[in-house]
Amino acid sequence: EPEVTQTPSHQVTQMGQEVILRCVPISNHLYFYWYRQILGQKVEFLVSFYNNEISEKSEIFDDRFSVERPDGSNFTLKIRSTKLEDSAMYFCASCIGGANEKLFFGSGTQLSVL
Amino acid sequence: GEDVEQSLFLSVREGDSSVINCTYTDSSSTYLYWYKQEPGAGLQLLTYIFSNMDMKQDQRLTVLLNKKDKHLSLRIADTQTGDSAIYFCAESRDTGRRALTFGSGTRLQVQP
């Protein structure tokens, strides 16, 4: 069964550094998302991406965050000037769109900012 | 804004039925979902229901939706130890945004 893949599974970085989290969505999907889950808290929406542009973003997605689809397969989340509070599990998701509203999630990247 | 609430913990014995409840506030919610998260893993879509339905059954899973009370439940029949996980309720509106609002998750513990 097709799946959303994320790399790396764990990322450790120093505060103030830049990180790039990578995702390969399911190949025929058109909508792409990033969510995050701080330990013990709710899964929170960050951003949605469609047709090579951001469709919607939450308050969490400030100007330190950016997303890119550099080629036909990868979807990346970049966080500049990382803060301690960015530490979380980051989930990528994709959806085929149209009448099918099912979102498929990757297994996540655990980001630890020290 | 939208809010989704769930009880935090449920413990059942193997073979019993489990019922996980969820309430939501957004009357525009069109799609309601149940996701399962096992330790160290991502979110696995279990089932979903459209707001114009009041029940959906899928093997051991039964979803009930009371749109008037904005209440969603997931019933797992013949609960197995492999069902132990965190179960998230989520909703989205048909705005084209398709972003989900999640509840805090209910940790289901199945005792042998």
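Refer to the structure printed above.
Residues numbered from 1 in each chain as written. Chains lettered and ligands numbered in written order. Predicted model: local features only at pLDDT ≥ 70, side-chain atom pairs only at ≥ 80, totals over all residues. Heavy atoms only, no water.

*Asks:* What is the right way to read the side chain of A:Q37 from this model?
*Replies:* Tracing the sequence through the fold places A:Q37 in strand β4 (residues 31-37). A distance of 3.5 Å separates the side chain of A:Q37 from the backbone oxygen of A:Q41, its partner in a polar contact. Setting aside anything within four residues of it in sequence, one finds A:Q37 in contact with A:K42, A:V43, A:A88, A:M89, A:F91, B:Q37 and B:F88. (Helix = DSSP H or I, 4+ residues; strand = E, 2+ residues; numbered from the N terminus. Polar contact = N/O pair within 3.5 Å; in protein donor to acceptor, adjacent residues only side chain to side chain. Contact = heavy atoms within 4.5 Å.)

*Asks:* Explain the nonpolar core to me, please; I cannot follow it from the model alone.
*Replies:* Looking at soluble globular proteins, one finds that nonpolar side chains tend to be buried together. With 23 residues, the main nonpolar core has A:Y35, A:L103, A:F105, B:Y35, B:L100 and B:F102 as its most contacted residues. Looking at this core, the elements that each hand over two or more residues are β4, β5 (43-50) and β9 (88-95) of chain A together with β4 (29-37), β5 (43-50) and β9 (85-93) of chain B. With four residues, the single largest contributor to this core is β9(A). Other than its neighbours up to four places away in sequence, B:L100 contacts A:Y35, A:F45, A:L103, A:F105, B:Y33, B:Y35, B:A90, B:E91 and B:S92. Among the nonpolar cores identified, the runner-up in size contains 22 residues, and A:L21, A:C23, A:A88 and A:C92 belong to it. (Core = buried A, V, L, I, M, F, W, Y, C linked by side-chain atoms within 4.5 Å. Buried < 20%, exposed > 50% of the residue type's maximum accessible area, 1.4 Å probe, protein only.)

*Asks:* For this particular structure, what's the right way to read the sheet that holds strand β3 (residues 19-24) of chain A?
*Replies:* Two orientations exist for strands paired in a sheet by backbone hydrogen bonds: parallel and antiparallel. Residues and elements named next belong to chain A. Across the sheet, which stays open at both edges, the four strands sit in the order β1-β3-β8-β7 with antiparallel pairing between neighbours. Looking along the sheet, the strands with just one partner apiece sit at the ends: β1 (5-7) and β7 (65-68). Strand-to-strand, the axes of this sheet are offset by a mean angle of 20°, without reference to chain direction. As paired elements, β3 and strand β8 (residues 75-79) share five bridges and run antiparallel to each other. Counted as the bridge partner of I20 is K78 from β8. (Pairing = 2+ DSSP bridges. Axes fitted to C-alpha atoms, helices over the stretch in contact; angles between N-to-C directions.)

*Asks:* I keep staring at the environment of A:C92 and nothing clicks. Help me out?
*Replies:* All names here are of chain A. Turning to its location among the elements, C92 is positioned in strand β9. Taking C-alpha positions, C92 is 13 Å from K78, a pair spaced 14 residues apart along the chain. If near-sequence neighbours (up to four positions away) are discounted, C92 is found in contact with V4, Q6, C23, Y33, W34, F75, F104, F105 and G106.

*Asks:* What's the story with the interface of chain B and chain A in this structure? I'm lost.
*Replies:* Frequently, the measure chosen for interface size is the accessible area that the parts lose on association. Across the contact, 21 residues belong to chain B and 19 residues belong to chain A. Summed over both partners, the interface of chain B with chain A buries about 1,800 Å², with 56% contributed by carbon and sulfur atoms. Joining chain B to chain A, the criterion identifies two salt bridges. Between B:D3 and A:K42 there is a salt bridge, with its nearest N and O atoms 3.1 Å apart. On inspection of chain B and its partner chain A, the count reaches five residue pairs in polar contact (both at pLDDT 80 or more). Looking at the side of chain B that touches chain A, the elements that each hand over two or more residues are β1 (4-6), β4 and β5 of chain B. When residues in the side of chain B that touches chain A are grouped by element, the largest group, four residues, is from β4(B). (Buried area = accessible area lost by both parts, 1.4 Å probe. Salt bridge = Lys/Arg side-chain N within 4 Å of Asp/Glu carboxyl O.)

*Asks:* Quick question: what am I supposed to make of unusual backbone geometry here?
*Replies:* Negative phi values dominate among residues other than glycine, just as trans dominates among peptide bonds. All names here are of chain A. Following T7, the chain continues into P8 via a peptide bond in cis, with omega recorded as -10°. Note that P8 resides in the loop between β1 and β2 (10-13). Despite not being glycine, S81 has its phi angle at roughly 45°, a positive value. Within the secondary structure, S81 sits in the loop between β8 and β9. Accessibility expressed as a relative area gives 44% for S81, which makes it partly exposed.

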